[in-house]
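Commentary on secondary and tertiary structure
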Amino acid sequence: MLRSPAARAIASLAVLTVAGSVTGLALGFRDGAVLAWDEALLEVTARCGAGATGAWLTVTSLSGWTAMLAVLTVLGAIALWRRAPRVFWFPALATAGAEVIKNAVKIAVDRPRPPLSAELVQQAHATGSSFPSGHALHAVVLYGAIALLVTSLVRPRRRTAARTALLTLALAIALAVAISRVALGVHYPSDVLASLVLGTAWLAAYAAAAGCVGRTDGAARPE
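All values reported here derive from a predicted model rather than from experimental measurement. Numbers given for residues are sequential positions, taken from 1 along each chain in its written order. It should be noted that, the model being predicted, local features are given only for residues of pLDDT at least 70 and side-chain atom pairs only at 80 or more, the latter also being counted only at that level, while totals for whole chains, interfaces and linings use all residues. To obtain the side-chain values, all non-hydrogen atoms of the structure were included, while hydrogens and water were left out.

Describing the side chain of S190
Heads up, the rule is: The secondary structure listing takes helices from DSSP runs of H or I that are at least 4 residues long and strands from runs of E that are at least 2 residues long, numbered from the N terminus. What qualifies as a polar contact is a pair of N or O atoms within 3.5 Å, subject to a donor-acceptor requirement within protein and to the restriction that residues adjacent in sequence count only when both atoms come from side chains.
Examined against the element boundaries, S190 turns out to sit in helix 9 (residues 189-210). Within the structure, the side chain of S190 is placed 2.9 Å from the side chain of R111, a separation counted as a polar contact.

So this is what it looks like as structure tokens:
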């Protein structure tokens, strides 16, 4: 749990970041300040992505429920094989928490999506309100959690390099998914931007609480 000052500081900062970001954007939606640049960026991004719908759908599927359940199933199998429950429960609980947060914020903000065709809504799984982007949020949390998990199993002397490499890869996947949602026209830029912040903050707080950051004993504990 939150056993070190570093972990408590990370958790507190994460909560403040989320509260400030969501509140600021929600107020921006109401006075139209965010919508003005949102629509301009959406138009530019959608124009640049025109003609590559298939490719964007492939990218966006990386954090769809089919892909996420497949990843968690593989992790579950590894956890049983290695007798290391943490390999499954750490990313699984992170994903479950992200889903709860996503639904709560969607209900609270209730922002309409950009105008969409019925075919695209089905292909891109664009249901519910626009803010935040569930795909971008889950991409940060799931792949970031896996990166932190793997890092915790690496030998201490190689841990910093491994964490940098794996978190960079996780961030690249999350950014690609976020861009794909805007390129497909199913989210405004501020939706995915807030989702990246929200997902990072939740993952930081969750990892701190679970003991994956701020650890000083140098031991890898997969179970």
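Regarding the nonpolar core
Put simply, the rule reads: Within this scheme, the nonpolar core is defined by two criteria: the residues are buried Ala, Val, Leu, Ile, Met, Phe, Trp, Tyr or Cys, and they are joined through side-chain atoms within 4.5 Å. Under the scheme applied here, a residue whose accessible area is under 20% of the maximum for its type counts as buried, over 50% as exposed, and between as partly exposed, the area being computed with a 1.4 Å probe on protein chains only.
V87, F90, L142 and Y143 are the most contacted members of the largest nonpolar core, which totals 39 residues. Mapped onto this core, the elements with two or more residues apiece are helix 4 (65-82), helix 5 (86-109), helix 7 (134-152), helix 8 (156-183) and helix 9. Residue contributions to this core peak at 12 residues, all from helix 7. Residues L57, A124, A126 and L184 belong to the second largest nonpolar core, which totals five residues.

A look at a nonpolar patch on the surface
Note the following rule: Residues enter patches when they are more than 30% accessible in relative terms and free of salt bridges; like-charged ones are connected within 9 Å and nonpolar ones (Val, Leu, Ile, Met, Phe, Trp, Tyr) within 5 Å. The Shrake-Rupley method, run with a 1.4 Å probe, gives the accessible areas here. Residue values count only the displayed protein chains as cover. Any carboxyl oxygen of Asp or Glu within 4 Å of a side-chain nitrogen of Lys or Arg constitutes a salt bridge here.
There is a patch of nonpolar side chains on the surface, built from W37, L41 and L193 and spanning about 280 Å² of accessible area. Mapped onto the fold, W37 is located in helix 2 (residues 33-49).

What about the environment of D110?
What counts, and what does not: In what follows, residue pairs with any heavy atoms lying within 4.5 Å of each other are defined as contacts.
Note on placement: D110 falls in the loop between helix 5 and helix 6 (118-123). Taking relative accessible area as the criterion, D110 reaches 55% and is therefore assigned exposed. Setting aside chain neighbours within four positions, we find D110 in contact with V105 and S129.

A word on the environment of G185
Its location among the elements puts G185 in the loop between helix 8 and helix 9. In this structure the C-alpha to C-alpha distance between G185 and E43, which are 142 residues apart in sequence, comes to 8.3 Å.

Regarding the packing of aromatic side chains
Rules: Any two rings among Phe, Tyr and Trp, with Trp reduced to its six-membered ring, count as a pair given centres within 6.5 Å; such a pair is stacked if its planes are under 30 degrees apart, edge-to-face if over 60, and tilted if neither. For a lysine, the NZ atom is tested; for an arginine, the CZ atom; a charge sits over a ring if that atom is within 6 Å of the ring centre and within 35 degrees of the ring normal.
Counted by the stated rule, this structure contains three aromatic pairs. Where W202 meets Y206, the ring centres are 5.4 Å apart and the plane angle is 35°; that geometry is what we call tilted. Separated by four residues within a single helix, W202 and Y206 lie in helix 9, roughly one turn from each other. Each residue in the set W89, F90, W202 and Y206 is aromatic and connected to the rest through ring pairs, giving one cluster. Over the ring of W81 we find R82; its NZ or CZ atom is 5.6 Å from the centre of that ring.

Details of the confidence of the model for the chain
Our working definition: Each residue carries a pLDDT score, the predictor's own confidence in it, on a scale running from 0 to 100.
On average, residues of the chain score 77 in pLDDT, and 73% of them reach the 70 mark or higher. The secondary-structure element of the chain with the lowest mean pLDDT is helix 1 (residues 5-31), recorded at 55, while helix 4 shows the highest, at 93.

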